Structures are given as C-alpha cells and as structure tokens.
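One letter stands for each residue in the lines below.
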Amino acid sequence: MIPRRSLLTSSISAASGMLVAACASTQADSRTTAKRPVLLVHGAWHGAWCWGKVAPMLAAAGHPVVAIDLPGHGLNALFPVAYDVQPRPGAFATERSPLAAITLADYANAVAAAVESLLAAGFPAPMVVGHSMGGGAIQAAAELLGPAKIARLVYVAAFMPKDGTSMLSYTRGAEAPPSQLVPLLRADPQAIGALRFDPGSLDSQYRAAMADVFYGKVDLATRRAALNLLTCDIPAAPMATPVAVSNQRWGSIPRTYVRAAQDKAIPPVLQDRMIAQADAMTPSNRTQVVQLDSDHSPFFSMPDPLARVLLSAV
C-alpha cells in the first residue's frame, strides 16, 4: 500500500512537472514526516533538472524534496519558431517570444501552489530555496504566504530584491556591476518580451562564453550536458516587475544567503548589496550568510558543500 503522503506527493509531481526525491516505503515515510520538506526553485533558462545532484542528498538525510519547473521553464518551456532553424535566421532576433505573457505573479503563484500542496499533504512548512532569478520568485511567493507557511528562505547566488525594486534594475545603471550575461543576449527584450540566449548556437565561442558564465567551475561533461538543457527564452516581465515585500510577511521569515564568491552572472558585490538592503529593512531578522568558493551554479560545481549548507539551514 502506498502511504498517503507519498501518493499525494507523486500526484503533485505528475500534475506540475516536478522533480521529487522522497522515500517510498511506509517505514521511510514515517521517518521523513518529522523532517522538514525542501522546495527547490531554479533560476533563469534552467528547470527542475538543475537540482538533480543536490536533491538526492537532501532526500538521503530524510527530507522530502520537491523541485518545480516555473511557468515557461523546463517541461513548461516554449520556443520561438526561429529556434528550430540552423543557421539562425534574422527572425531569431525579432520574433515575439511565446512566453511574453508570463508575469512575476505567475511565478509566485507556482511557488505558492507547490508550498500549499506540501501543506495539504500534511507536511510541515517547507524551507524554500531559490537560485538566481528564482530568488525573486520565492520572494514574491513568501510575501503571498507569510511566515506561517514557509519556515526559511534560502537564496543561492540569487536575486533578493529590495522592496519596490525589480531584478532587472540591478543589472542597469552606473552602479550596476558588470555581468557577463548581458552581452550574450540575442534580441531586444522590450521588442520580443523575453531575455533570449542561443544555447544551441553553432558558434563555439558563444557557447563557451555561456558555459563560462553559468558553469565556470563545473566539470566538462556536466557543463556540456547542462548547456544542452538550457532553454533560449525567459519572460521579461518577471525580471522587470518590482517585487513588493513587507516586514510582516517576507521580512518575518528567517533567510539564508549562499554567497557565490566566483559568480560571473550575479557578481559578489551585487550579492552583498542585496544582503545589506535586506538587513537594513529587517534589522531584527538579519540574513544568515554562507560563502562558497563557487561559480554561479554551486549545485553542479559544489553539490556536496551546497547540500551540507542546505541541511544545516533546514
């Protein structure tokens, strides 16, 4: 007989395109119910697949683990018609993205729905982890749900926007530190409604530059596999929408920031700025900061240390 919680978790997975790592037996289920679940949220151009090395380590320690695909990502991805043509036609730089209508609210609702599903299955409030752009998604969801439904937020080399500030604003202006991602864009985000890369480019130098930004310290085999799993578009609206947070809801949830010291996508100086802004807003609930000597993707370059950080936080 399949335990109720395992059945519910499996149903959630089938309905939402989630990656689930959990114990299957009745005995294991009785052990894991006392352990806090972990919800993993990927960053831009990625999907639930990026947690494939870390999720089993968390599950092995007894924590139910769920990783979701945000709208427009992973198995929810949609591609411009021009992406199916090689060499790339000029339309690749002008074709409107099929993801252009996706909003930050859609991201927040997807995260919130995953949390609510865990709670409905009888699990305690989860720890919610966001990588890169996923930081904005979990922040918006935390404001929806508040401290009663989320036990801790963990930002992994992630955006943690100041109240009323968009993620995209941190990449613009004279104070913005240089990110090596921006020069890799292949279209005007305002024109196509998305931030468009070309992970399937025939230009080996371009692909190498992409791999270096995301996976600079990752072994070559994993780097190549990951690069071939990236999608080309992410909707621009979630990145451009100011994230509204309050002291009573988001600000009341304990938070950890995993600082990636060798990050080329969200440079450490930018990570530090967001941490300082968060602490200024909630001085009685300061950010726990843990540093890894990692690139932008510690789930690939340092999966064991990252898993230990997450296990210590949960």
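As a starting point, this report considers the structure included with it.

Rules used in this analysis
- Residues numbered from 1 in each chain as written.
- Predicted model: local features only at pLDDT ≥ 70, side-chain atom pairs only at ≥ 80, totals over all residues.
- Heavy atoms only, no water.
- Helix = DSSP H or I, 4+ residues; strand = E, 2+ residues; numbered from the N terminus.
- Areas by Shrake-Rupley, 256 points an atom, 1.4 Å probe, with all protein chains shown as cover.
- 1 Å grid on protein atoms, 1.4 Å probe; cavity = no way out; pocket = protein on both sides within 12 Å on 5 of 7 lines; lining within 4 Å.
- Points joined across faces, edges and corners; volume = space filled by probe spheres on them.
- Nonpolar A, V, L, I, M, F, W, Y, C, P; charged D, E, K, R; others polar.
- Axes fitted to C-alpha atoms, helices over the stretch in contact; angles between N-to-C directions.
- Parallel < 35°, antiparallel > 145°, perpendicular 65-115°, else oblique.
- Contact = heavy atoms within 4.5 Å.
- Buried < 20%, exposed > 50% of the residue type's maximum accessible area, 1.4 Å probe, protein only.
- Pairing = 2+ DSSP bridges.
- Left-handed = near helix turned anticlockwise from the far one by under 90°.
- Expected span 1.5 Å × (residues − 1).
- Arc of directions from axis to C-beta.
- Polar contact = N/O pair within 3.5 Å; in protein donor to acceptor, adjacent residues only side chain to side chain.
- Salt bridge = Lys/Arg side-chain N within 4 Å of Asp/Glu carboxyl O.

**Brief notes about the overall build of the protein chain**
If you tally the helices and strands in the protein chain, you get 12 helices and nine strands. Only carbon and sulfur atoms are counted for the fraction: they give 57% of the accessible area of the protein chain, which is about 12500 Å².

**Concerning the layout of surface pockets**
Space inside the largest pocket adds up to approximately 310 Å³. Together, 22 residues line the largest pocket, and L168, T171, V182, L195 and M239 are the ones closest to its centre. In terms of residue class, the lining of the largest pocket is built from 18 nonpolar, three polar and one charged.

**What about the packing of helix α7 (residues 204-215) against helix α8 (residues 220-227)?**
Where α7 meets α8, the closest approach of the two axes is 10 Å, and the angle between their N-to-C directions is 110°. Here α7 lies roughly perpendicular to α8, going by the angle between them. In this structure, α7 contributes R207, M210, A211 and Y215 to the contact, and α8 contributes R223, A226 and L227.

**Quick notes on empty space enclosed by the protein**
The final tally for this structure, using the stated rule, is two cavities of 30 Å³ or more. Taken as a whole, the second largest cavity spans an internal volume of roughly 30 Å³. Contributing to the lining of the second largest cavity are M160, P161, K162, D163, V245, W250, M274, Q277, A278 and M281.

**Quick word on unusual backbone geometry**
P87 follows Q86 through a cis peptide bond whose omega is -5°. By the element assignment, P87 lies in the loop between β3 (65-68) and α4 (104-120). Look at S132: it is not a glycine, yet its phi comes out positive at around 55°. As for its placement among the helices and strands, S132 is situated in the loop between β4 (127-131) and α5 (134-145). The phi angle at A157 is positive, at roughly 45°, despite the residue not being glycine. Tracing the backbone shows A157 in the loop between β5 (152-156) and α6 (189-192).

**Considerations on the pairing of β4**
Among the five residues of β4, five are classified as buried, and the element is accordingly described as predominantly covered. The side-chain alternation of β4 yields two buried faces, one formed by M127, V129 and H131 and the other by V128 and G130. Where β4 and β5 come together, five bridges link them in parallel fashion. Note on β5: the bridge partner recorded for M127 is R152.

**Thoughts on the packing of α4 against α5**
Where α4 meets α5, the closest approach of the two axes is 8 Å, and the angle between their N-to-C directions is 65°. Classified by chirality, the crossing of α5 by α4 is right-handed. Each of L104, Y107, A108, N109, V111, A112, V115 and E116 in α4 lies in contact with α5, whose residues at this interface are G136, A137, A140, A141, L144 and L145. Residue composition of the contact of α4 with α5, by class: 11 nonpolar, two polar and one charged.

**So, the side chain of H42**
Turning to its location among the elements, H42 is positioned in the loop between β2 (38-41) and α3 (55-60). The exposure class of H42 is buried, given its relative accessible area of 0%. Setting aside chain neighbours within four positions, we find H42 in contact with G47, A48, C50, W51, I68, D69, L70, H73, H131, M133 and G134.

**Here we look at α4**
The end-to-end C-alpha distance of α4 is 24 Å, a good match for the 24 Å that 17 residues give at a rise of 1.5 Å each. Looking at α4, one finds that the buried residues are L104, Y107, A108, V111, A112, A114, V115 and L118. For α4, the angular spread of the buried residues around the axis is 155°, confining them to a single face. By the N-cap criterion, in which a side-chain oxygen at the helix start approaches the backbone nitrogen of a residue two or three places on, α4 is capped by T103, the distance to A105 being 3.3 Å. Looking one or two residues beyond α4, the residue adopting positive phi is G122, at roughly 100°.

**With respect to the pattern of salt bridges**
Scanning the entire structure with this criterion turns up eight salt bridges. Residues K149 and E116 are paired through a salt bridge, measuring 2.7 Å at the closest nitrogen-oxygen approach. Residue K149 is found in the loop between α5 and β5, and its partner E116 is found in helix α4; the two are separated by 33 residues along the sequence. Residue classification places K149 among the partly exposed positions, given a relative accessible area of 28%. Two residues, K217 and D293, come together in a salt bridge whose shortest N-O distance is 3.4 Å. Here K217 is found in the loop between α7 and α8, whereas its partner D293 is found in the loop between β9 (288-292) and α11 (298-301), with 76 residues between them in sequence. One network of salt bridges, in which partners are shared, links R255, D279 and R286.

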